[in-house]
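Commentary on secondary and tertiary structure
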Amino acid sequence: MPWPQSFRESAAMIGDQPLKQGKHQRRPGLSVLILPCLLALVSSAAPAQWLLENRDIMGTRITVELEHRDKIVGQQAIEAVMREMQRIDADMSPYKATSELARLNAGAASKPVIVSDELFWLLKRSKDFSRLTQGAFDITFASAGFLYDYRAHIKPGAKDLKQAVDAIDYHNIHLEPARHSVSFSKPGVKIDLGGIAKGHAVDNSITLLQKMGITNALVTAGGDSRVIGQRWGRPWQIGIRDPRDKNRLVAKIPLENVAVSTSGDYERFFDQDGVRYHHIINPKTGDSARELRSVTIIGSDATSTDALSTSIFVMGRERGLQLINRLPGIDAILVDNKGRMHYSEGLERAAASP
Ligand code: AMP
Ligand code: MG
């Protein structure tokens with residue numbers, strides 16, 4: 001799989017010391033002669049307008065923050081992102097009976113269902129991540145996932161769970177590239193793109209903003225964010241919350257031109273008899289993964305960081321970090337079930353360098 005450019009190459013820092021490289025480095029020695037011309041240009045241009053908007057879409061909080069000289073154009077850009085989020089939600093929510101995904105879940109065990117290029121591509125990427133993570137990421141987890149209702153504190157009984165786990169296996173999804181059709185190899189297979197669709201929506205939104213000429217922006221969908229450029233001339237700051245105290249941060253990372261995703265066991269959960277039942281499911285057992293409390297992944301695109309944050313959560317510390325350390329351009333910050341923090345080798349190096 002072609003992995004995006006290195007996080008360490010674009011901008012890496014943890015704490016206050018940015019490691020700026022490449023295109024973020026200021027060029028030395030601007031000519032004294034051309035400086036007055038530049039100043040004249042700057043003073044005649046409209047001042048930068050920063051716009052910020054939060055809305056609830058896709059069952060999560062969407063945040064867009066961006067800079068544009070023209071406030072009206074900036075607002076139009078924000079509306080375009082919100083529309084994109086709504087479109088992806090309408091197509092890919094497994095809970096909306098009219099969505100393309102619901103149609104697929106309802107029909108693909110009986111006969112092949114032809115799907116859009118976009119859904120086909122996302123299913124293909126999902127299967128790529130399943131192979132990469134040795135099945136920790138598996139969108140057919142939904143066969144078991146649908147048996148939980150975190151709000152109502154409902155979990156499946158052992159018999160139902162066993163039957164559902166039998167249907168979990170990404171090999172049960174057959175993708176036929178020529179017709180873009182999808183079929184499931186047995187009844188009971190269901191898919192849910194909750195572990196990758198928000199990242200995809202964030203990537204689409206950033207592409208959209210870039211096409212509109214915007215160079216400084218942040219788009220966040222729940223735990224998935226991507227930033228381009230800077231904020232008020234400084235790197236963007238993304239906080240990682242304490243998994244057991246939403247008012248406390250365990251780390252603050254300054255970033256430029258990267259994507260960051262956090263998966264945590266505090267997003268959708270209930271506690272019963274001292275055990276936490278939450279929305280990240282180990283495909284082998286159909287039960288929630290419990291070795292970690294949160295996983296943050298930093299990379300260059302949000303589709304990858306989203307899928308990997310969910311995957312590493314399932315894989316746990318040792319296997320998870322082993323995988324991250326061999327993927328160029330990807331870094332991770334883990335909080336384990338004792339509240340201890342662990343970092344990928346790239347971040348350890350970044351933190352250690354002067
Ligand atoms: P995230 O929001 O990225 O932490 O992903 C959590 C979401 O991913 C859940 O709400 C589910 O929709 C989905 N999910 C849970 N377990 C898995 C898994 N093992 N593989 C793929 N997706 C999953
Ligand atoms: Mg994720």
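Predicted model only: the values in this text are computed from it and were never measured. (Residues numbered from 1 in each chain as written. Chains lettered and ligands numbered in written order. Predicted model: local features only at pLDDT ≥ 70, side-chain atom pairs only at ≥ 80, totals over all residues. Heavy atoms only, no water.)

Topic: the overall build of the chain
Counting its secondary structure elements, the chain contains eleven helices and 17 strands. Counting the 354 residues in the chain, one finds 53% classified as buried. Across the chain, the fraction of contacts at a sequence separation of at least 24, relative to all contacts at a separation of at least 6, is 62%. Here the chain has roughly 17500 Å² of accessible surface; of this, 51% comes from carbon and sulfur atoms. (Helix = DSSP H or I, 4+ residues; strand = E, 2+ residues; numbered from the N terminus. Buried < 20%, exposed > 50% of the residue type's maximum accessible area, 1.4 Å probe, protein only. Contact = heavy atoms within 4.5 Å. Areas by Shrake-Rupley, 256 points an atom, 1.4 Å probe, with all protein chains shown as cover.)

Considerations on helix α10 (residues 317-325)
Along α10, the positions that sit buried rather than exposed are Gly320, Leu321, Leu323 and Ile324. One side of α10 carries all its buried residues, which in axial view fall inside an arc of 160 degrees. Turned more than 90 degrees away from the buried face of α10, the exposed residues are Glu318 and Gln322. Elements that come into contact with the buried residues of α10 comprise α5 (117-132), β15 (292-299), α9 (302-315), β16 (331-336) and β17 (341-343). (Arc of directions from axis to C-beta.)

What to know about the site of ligand 1
What surrounds ligand 1 is a group of 18 residues, the closest being Ser263, Arg268, Ile281, Asp306 and Thr310. Aspartate 192 places a polar side-chain atom, nitrogen or oxygen, 3.4 Å from an oxygen atom of ligand 1. One of the side-chain nitrogen or oxygen atoms of aspartate 306 is found 2.8 Å away from an oxygen atom of ligand 1. When the free accessible area of ligand 1 is taken as 500 Å², the share hidden by the protein chains comes to 95%. (Near = heavy atom within 4 Å. Polar contact = N/O pair within 3.5 Å; in protein donor to acceptor, adjacent residues only side chain to side chain.)

Some thoughts on the coordination of the magnesium ion (ligand 2)
Octahedral metal centres with six donors ideally show angles of 90 or 180 degrees, and tetrahedral centres with four donors ideally show 109.5 degrees. Around the magnesium ion (ligand 2), the donor atoms from the protein are Asp306 (O), Asp306 (OD), Ser309 (OG) and Thr310 (OG1), and they sit 2.1 to 2.6 Å away. Sequence positions of the donors to the magnesium ion (ligand 2) reduce to the motif D-x2-S-T. As far as the burial class goes, serine 309 and threonine 310 line up, both buried. (Donors = N, O, S within 2.8 Å, 3.2 Å for Na, K, Ca; no water.)

Some points on the packing of aromatic side chains
Overall, the coordinates contain seven aromatic pairs when judged by the stated rule. Ring geometry for tyrosine 95 and phenylalanine 146: centres 5.8 Å apart, planes at 75 degrees, overall edge-to-face. Residue tyrosine 95 is located in the loop between α3 (71-92) and α4 (100-107), and its partner phenylalanine 146 is located in the loop between α6 (142-145) and α7 (158-166); the two are separated by 51 residues in the primary sequence. Here the aromatic rings of phenylalanine 129 and phenylalanine 137 are separated by 6.3 Å at their centres, their planes lie at 70 degrees, and the arrangement is edge-to-face. No difference in accessibility class separates phenylalanine 129 from phenylalanine 137, as the two residues are buried. A network of ring pairs unites the aromatic residues Tyr148, Tyr150, Phe270 and Tyr277 as a single cluster. In this structure, arginine 241 is placed above the aromatic ring of tyrosine 266, and the distance from its NZ or CZ to the ring centre is 3.9 Å. (Phe/Tyr/Trp six-rings, centres within 6.5 Å; stacked < 30°, edge-to-face > 60°. Lys NZ or Arg CZ within 6 Å of the ring centre and 35° of its normal.)

Focus on the sheet that holds strand β6 (residues 173-176)
Ordered by their spatial adjacency, three strands build an open sheet running β5-β7-β6, and the pairing between neighbours is antiparallel. Both edges of this open sheet fall to β5 (113-114) and β6, since each of them pairs with a single strand only. Taken strand by strand, α5 contacts β6 and β7 (181-184), and its axis lies near 130 degrees from that of β6. (Pairing = 2+ DSSP bridges. Axes fitted to C-alpha atoms, helices over the stretch in contact; angles between N-to-C directions.)

Here we look at the packing of α5 against helix α8 (residues 197-211)
Put simply, α5 and α8 touch, their axes get as near as 11 Å, and they point 125 degrees apart. Taken together, the axis directions place α5 and α8 in an arrangement best described as oblique. The element α5 and its partner α8 pack so that their crossing is right-handed. Facing Glu118, Trp121 and Leu122 of α5, the residues of α8 in contact are Ala197, His200 and Asn204. Class assignment for the residues of the contact of α5 with α8 results in three nonpolar, two polar and one charged. (Parallel < 35°, antiparallel > 145°, perpendicular 65-115°, else oblique. Left-handed = near helix turned anticlockwise from the far one by under 90°. Nonpolar A, V, L, I, M, F, W, Y, C, P; charged D, E, K, R; others polar.)

Here we look at α9
An α-helix turns once per 3.6 residues; consequently, residues spaced three or four apart project the same way. An ideal rise of 1.5 Å per residue puts 20 Å on 14 residues; α9 measures up with 19 Å between its terminal C-alpha atoms. With 14 of 14 residues buried, α9 is to be regarded as a mostly interior element. At the N-terminal end of α9, a side-chain oxygen is found 3.4 Å from the backbone nitrogen of threonine 303, two or three residues along, and the residue is aspartate 301. (Expected span 1.5 Å × (residues − 1).)

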